[in-house]
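Structure assessment
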Amino acid sequence: MQDGNGLDHLAGERAMAQFDLQAMKVYLAGGQREYEISTKMAQLVANDPVFSKEDRVRLARKDLYKNSLRKAGHAWKTILEKGLSEVEGLKLRHFVDEPTYTDLHWGMFIPAIKGQGTEEQQHKWLPLAYKMAIIGCYAQTELGHGSNVQGLETTATFDPTTDEFIMHSPTVTSTKWWPGGLGKASTHALVYARLITDKKDHGIHAFIAPIRSLEDHTPLPNVTVGDIGVKFGNGGYNTMDNGFLRFDHVRIPRENMLMRLATVTKDGKYVRSNKPRQLGYGAMVFVRQGIVIDASIYLSRAVTIAVRYSAVRRQFGNKDEPGELQVIQYRTQQSRLFPLLATAYAYRAVGFWMKSLYADVMKRLNDNDFSTLPEVHACTAGLKSITTSVTADGIEECRKLCGGHGFLCASGLPELYAAYVPACTYEGDNTILLLQVARFLLKTLSQVSKVRPVGTAAYLGNIKQLSTQNCKVSQGHDWLNTSVLLEAFEARSARQAAAVALRLAKGSGSEAEFQENTPELVESARAHCQLILVSKFIEQLQTGTPEGIRKQLEVLCYTYAFSQLIDNAGDFLATGYVTGNQIALAKEELKHMFDKIRPNAVALVDAFDHTDDYLGSALGRYDGDVYTHLYKGAFKESLNDTVVVDGYEEYLKPVLTQNLWAPHSKL
Ligand SMILES: Cc1cc2nc3c(=O)[nH]c(=O)nc-3n(C[C@H](O)[C@H](O)[C@H](O)COP(=O)(O)OP(=O)(O)OC[C@H]3O[C@@H](n4cnc5c(N)ncnc54)[C@H](O)[C@@H]3O)c2cc1C
């Protein structure tokens, strides 16, 4: 891939690489087959003008949304015409790279029916959903409540005289608010509502409610539905029609309640099924594995842009070298950029591990073995929280690493951030998720003498040893030992969790005391998750990494672990496990890692294999021809459609000609 002049401005950088680029591409794709599918789908999208992202940040909302509908429809047509498999179709939609209603239809509506519907219900709804004869969304959140699902107010009251539920939104705060795809596209909503039979409230259950006519798409009688408004950033998440929805005593058939876990009989009896609630856990692990891989992809896009641009951009110089220095040569630039590069690799490795975790969970569910589920629930909740928060912050850091030009939409970074940042909130607010992890840690510690902790919490079984032995590092290279690093992360996490558990144990056990300690609880949950990330990156590295890339992955793994250690040095020091001197030694080792990454940096981001089309960034172009394309890009700006700007006569000329109060002034 080269520019119009045939020049690859980054060729010198690429020539320095010390690893097998192709092997790294295949590794990052998750295997040869995945690599081939990815490459094919990326090209298919890049070569189809309908999928162009060219004007997205300049379009008014109505045009933006209409174009998004066009792309989603065209993607579906392409999938059918080319007979693409489910995996290929998913990849194709991934490369279209635009949040849209189909994300919720395929990602939430269909899985919810599969997980919560009876076989009969699946038989009725899934064929319609699979061929998109109906479009569904996932309507849980309301104006008044999101995280606190038990606080939802929408009601579904059973009327045995007609064998129907009456869906109702009794207050303003009960208005469904936020569901993606609800605003304008969906014909059906999976509505979470309080089930009421015979005046008794049975709590929150799921119902399929038709909301728009299948004839002309108008809202059904007594349904009020629309889009909630413009969201953060240009383009970004504004291609999605997040919606509001109110019911005014809308009747739906009894069979529209999803009844796999509980049933309402014709005469209004509420019956819980004997199916274990945990059956839905497999889907949860699957969704969260996708979130962690997505975090890696989004972060890798930002890092690709920042690394390539940092290799192109030159500022200042020194007397020892001719010309100006590439900004990637500056230690401060490296110390902000290379840990993010290593993080993108770490998240990819952890995403791969989560795939095997999913397989393990499914096997256990089949065997009715629910013993590991609390640990799996906590681990995946925590990983969702940490990886999305770090990725959102990382994209913003990459924007700053690109200086002024990073602020231009042409850099691709503002839109990437705007599209990604809600991941910190949807699928569970990140702080709430960490509090769930903290509760799990407290429970595990309270039972540690009787129940041996499993999986990612197994280290807590060694709490005594981890609480008494301190770090033995005495020279820098002592840190270059994965067991030493792992023990440091285990000891820090175990000690932080034990400290807050002890403080709570000394108290009365009240909820107020728990609340008082939530900042420390969140910190200990974060420590636990950072340990999981470091340990799984190491584990993945040690299991069958191809020779041609192992060395680079090791460097990235140490970079990741050292930067985590240093960024959280306060916590590590406070636990007493490490000394200030040991942290200083780790800092020196981290600099050595930066030296090892430096000649490989551009190749390491090339390995993510993002096409120019997918990156959509003048700064991150493969050929490094940044300035030509920034300059050309300015001429696409609508303000430059005319040389004299619209508004000059009415509003600018009177200022310049001192005619502000002239009789014809429009000011
Ligand atoms: C782009 C986007 C798309 C979405 N798509 C959907 C969708 O398709 N379907 C759907 O149903 N919903 C959707 N949502 C809604 C989303 O799931 C909720 O916004 C999310 O669950 C957070 O809930 P909340 O808004 O009530 O936040 P709140 O819970 O009100 O959080 C506000 C603040 O309070 C803090 N907080 C709340 N409770 C506690 C506590 N107990 N302890 C400590 N701190 C606390 C939180 O950490 C946060 O800082 C979407 C949201 C966004 C932004």
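Every chain's residues receive numbers from 1 upward, in the order its sequence appears when written. Side-chain atom pairs in this predicted model are given and counted only at pLDDT of 80 or more, local residue features only at pLDDT of at least 70, and totals for whole chains, interfaces and linings cover all residues. Side-chain numbers here rest on the full set of heavy atoms in the structure, without hydrogens or water.

So, on to the overall build of the chain. The helix count covers DSSP runs of H or I at least four residues long, the strand count covers runs of E at least two residues long, and both are numbered beginning at the N terminus. On a plain count of helices and strands, the chain comes out with 23 helices and 13 strands. In summary, the chain has a C-alpha radius of gyration of 27 Å against a globular reference of 26 Å for 667 residues, a match within 12%. Relative to its 667 residues, the chain shows a buried fraction of 51%. Any two residues whose heavy atoms approach within 4.5 Å are treated as being in contact. Across the chain, contacts joining residues at least 24 apart in sequence account for 74% of those joining residues at least 6 apart. Under the convention used here, a 1.4 Å probe and the Shrake-Rupley method define accessible areas, while residue burial counts only the protein chains that appear. As presented, the chain carries roughly 30800 Å² of accessible surface, and 55% of it is formed by carbon and sulfur atoms. For the purpose of charge, His is not counted, nor are the chain termini; Lys and Arg are scored as positive and Asp and Glu as negative. To locate a charge, take NZ of a lysine, CZ of an arginine, CG of an aspartate or CD of a glutamate. Between the averaged position of the 73 positive side-chain charges in the chain and that of its 73 negative side-chain charges there is a distance of 3 Å. We take the radius of gyration over the C-alpha atoms and set the globule estimate at 2.2 Å times the residue count to the 0.38 power. Per-residue accessibility, obtained with a 1.4 Å probe over protein chains only, is compared with the maximum for each type, and a residue is labelled buried under 20%, exposed over 50%, and partly exposed between these values.

Whenever strands of a sheet pair, they do so through backbone hydrogen bonds, lying parallel or antiparallel. Taken in spatial order, the three strands line up as E4-E8-E7 in an open sheet, and their pairing is antiparallel. Looking at strand neighbours, the two that pair on one side only are strand E4 (176-177) and strand E7 (223-227), the edges of this open sheet. When DSSP finds two or more bridges between a pair of strands, those strands are recorded as paired. One ladder, built from five bridges, connects E7 with strand E8 (residues 243-247); its direction is antiparallel. Bridging from a neighbouring strand, Val225 pairs with Leu245 of E8.

Right, let's get into empty space enclosed by the protein. Using a grid of 1 Å spacing that covers the protein atoms alone, one calls a set of points a cavity when a 1.4 Å probe fits there but cannot get out, and a pocket when the set is open and has protein on both sides within 12 Å along at least five of seven lines; lining residues are those with an atom within 4 Å of a point. Grid points are joined across faces, edges and corners, and a volume is the space filled by probe spheres set on the points. Enumeration according to the criterion identifies two cavities of 30 Å³ or more in this entry. Here the largest cavity is characterised by a volume of approximately 90 Å³. Contributing to the lining of the largest cavity are Ser68, Lys71, Ala72, Ala75, Arg93, Val96, Glu98, Thr100, Thr102 and Asp103. The set of elements that each furnish at least two residues to the lining of the largest cavity consists of helix H4 (61-81), helix H5 (86-96) and helix H6 (101-116).

Residues annotated in UniProt with the feature "active site" (unreviewed entry) correspond here to Glu427. Topologically, Glu427 is positioned in the loop between helix H11 (413-420) and helix H12 (430-446). Take Glu427: its relative accessible area is 32%, and that puts it in the partly exposed class. When residues no more than four places from it in sequence are discounted, the contact partners of Glu427 are Met108, Val287, Ile291, Lys384 and Leu433. UniProt positions are given in the numbering used here, feature names are shortened, and annotations may be inferred rather than shown by experiment.

With respect to the helices and strands, the residue His629 is situated in helix H22 (residues 626-634). Those residues in contact with His629, other than ones at most four positions away along the chain, are Ala618 and Arg621.

This part covers the layout of surface pockets. Estimates place the volume of the second largest pocket at around 1100 Å³. Looking at the second largest pocket, it is lined by 39 residues, and the ones nearest its centre are Glu54, Arg58, Cys409, Ala410 and Gly616. Looking at the lining of the second largest pocket, the elements that each hand over two or more residues are helix H8 (281-312), H11, helix H21 (612-615) and H22. Ranked by residues supplied to the lining of the second largest pocket, first place goes to H22 with five residues. Under this grouping Gly is polar, as are all residues other than the nonpolar Ala, Val, Leu, Ile, Met, Phe, Trp, Tyr, Cys and Pro and the charged Asp, Glu, Lys and Arg. The residue inventory of the lining of the second largest pocket, partitioned by class, reads 15 nonpolar, nine polar and 15 charged.

Moving on: the UniProt feature "domain: Acyl-CoA oxidase C-terminal" (unreviewed entry) in the chain. Cross-referencing UniProt, the feature "domain: Acyl-CoA oxidase C-terminal" (unreviewed entry) maps to residues 482-656 in the present numbering. Measuring from the first to the last C-alpha atom of residues 482-656 gives 69 Å, for a span that is 73% helix and 0% strand.

Aromatic pairs are defined between Phe, Tyr and Trp rings, using the six-membered ring for Trp, whenever the two ring centres lie within 6.5 Å; interplanar angles under 30 degrees are classed as stacked, those over 60 as edge-to-face, and all others as tilted. Inspection of the entire model under this criterion finds 18 aromatic pairs. With a centroid separation of 5.2 Å and 75 degrees between ring planes, the pair formed by Phe95 and Tyr614 is classed as edge-to-face. One end of the pair, Phe95, is in helix H5; the other, Tyr614, is in helix H21, and 519 residues separate them in sequence. You can call Tyr614 buried: its relative accessible area is 2%. Here the aromatic cluster, defined as three or more aromatic residues joined through ring pairs, consists of Trp76, Trp106 and Tyr130. Here, over-ring charges are defined by two tests on the NZ atom of lysine or the CZ atom of arginine: distance to the ring centre within 6 Å, and angle to the ring normal within 35 degrees. Over the ring of Tyr622 we find Arg14, and its NZ or CZ is 3.5 Å from the ring centre.

So, about the domain arrangement of the chain. The domain limits used here are those given by an automatic or database domain assignment. Taken domain by domain, the chain comprises domain 1 (110-275), domain 2 (281-606) and domain 3 (637-667). On a C-alpha basis, the centres of domain 1 and domain 3 stand 52 Å from each other.

The next thing to look at is the site of the ligand. We call a residue near a molecule or strand whenever a single non-hydrogen atom of that residue lies within 4 Å of it. Around the ligand, 18 residues are found, and the nearest of them are Tyr138, Gln140, Thr141, Ser147 and Asp429. By the criterion applied in these results, polar contacts are pairs of N or O atoms within 3.5 Å in which, for protein atoms, one can donate a hydrogen and the other can accept it, and in which residues neighboring in sequence qualify only through two side-chain atoms. The contact in question runs from a nitrogen atom of the ligand to an N or O atom on the backbone of Tyr138, over 2.8 Å. Within the side chain of Asp429, an N or O atom sits 2.7 Å from an oxygen atom of the ligand. A total of 970 Å² of accessible area belongs to the ligand in isolation, and the protein chains cover 64% of it. Sorting elements by how many residues they give to the shell around the ligand places H12 first, with three residues. Tallied by class, residues from the shell around the ligand come to nine nonpolar, eight polar and one charged.

What follows is about the packing of H12 against helix H16 (residues 518-541). Orientation of H12 relative to H16, taken along the N-to-C sense of each, is 85 degrees, at an axis distance of 8 Å. The angle between H12 and H16 falls in the class roughly perpendicular. On H16, the residues that touch Thr431, Leu434, Leu435, Val437, Ala438, Leu441 and Leu442 of H12 are Thr518, Leu521, Val522, Ser524, Ala525, Arg526, His528 and Cys529. Axis geometry follows a simple rule: fit a line to the C-alpha atoms, using only the stretch in contact for helices, then measure angles between N-to-C directions, giving values from 0 to 180 degrees. Note on terminology: angles under 35 degrees are roughly parallel, angles over 145 are roughly antiparallel, angles of 65 to 115 are roughly perpendicular, and the others are oblique.

Counting through the fold element by element, Pro599 comes out in the loop between helix H19 (580-597) and helix H20 (601-606). Spatially, the C-alpha atom of Pro599 lies 6.9 Å from that of Glu13, the residues being 586 residues apart in sequence. Ignoring anything within four residues of it in the chain, the contact list for Pro599 reads Glu13, Met16, Ala17 and Gln18.

Salt-bridge detection follows one rule: a side-chain nitrogen of Lys or Arg within 4 Å of a carboxyl oxygen of Asp or Glu. Enumeration over the complete set of coordinates arrives at 35 salt bridges. Among the salt bridges present, the one from Arg251 reaches Glu164, with a minimum N-O distance of 3.0 Å. A residue pair is termed long-range when its members are at least 10 positions apart, and Arg251 in strand E9 (residues 250-253) and Glu164 in strand E3 (residues 164-168) qualify at 87 residues. For Arg251, a relative accessible area of 40% translates into the label partly exposed. Overall, the relative accessible area of 21% leaves Glu164 in the partly exposed class. Residue Arg364 is joined to Asp369 by a salt bridge in which the shortest nitrogen-to-oxygen separation is 2.7 Å. For Asp369, a relative accessible area of 24% gives the class partly exposed. A single network of salt bridges, built from pairs that share partners, joins Asp8, Arg14, Arg308 and Asp606.

This brings us to the pairing of strand E5 (residues 188-197). Of all the ten residues making up E5, ten are buried; the element is thus mostly covered by neighbouring parts of the structure. Relative to E5, strand E1 (residues 136-139) is paired through four bridges, and the arrangement is parallel. Among the inter-strand pairings, Gly136 is bridged to a residue of E5, identified as His188. Of the pairings in the sheet, the one linking strand E2 (residues 155-159) to E5 comprises three bridges and is parallel in character. Considered in E5, the bridge of Thr155 is made with Arg194. The pairing of E5 with strand E6 (residues 200-210) spans nine bridges and is antiparallel. Across the sheet, Tyr192 pairs through a bridge with Ala206, a residue of E6. Connecting the antiparallel pair E5 and E6 is a turn made up of two residues, with Asp198 showing a positive phi of about 50 degrees.

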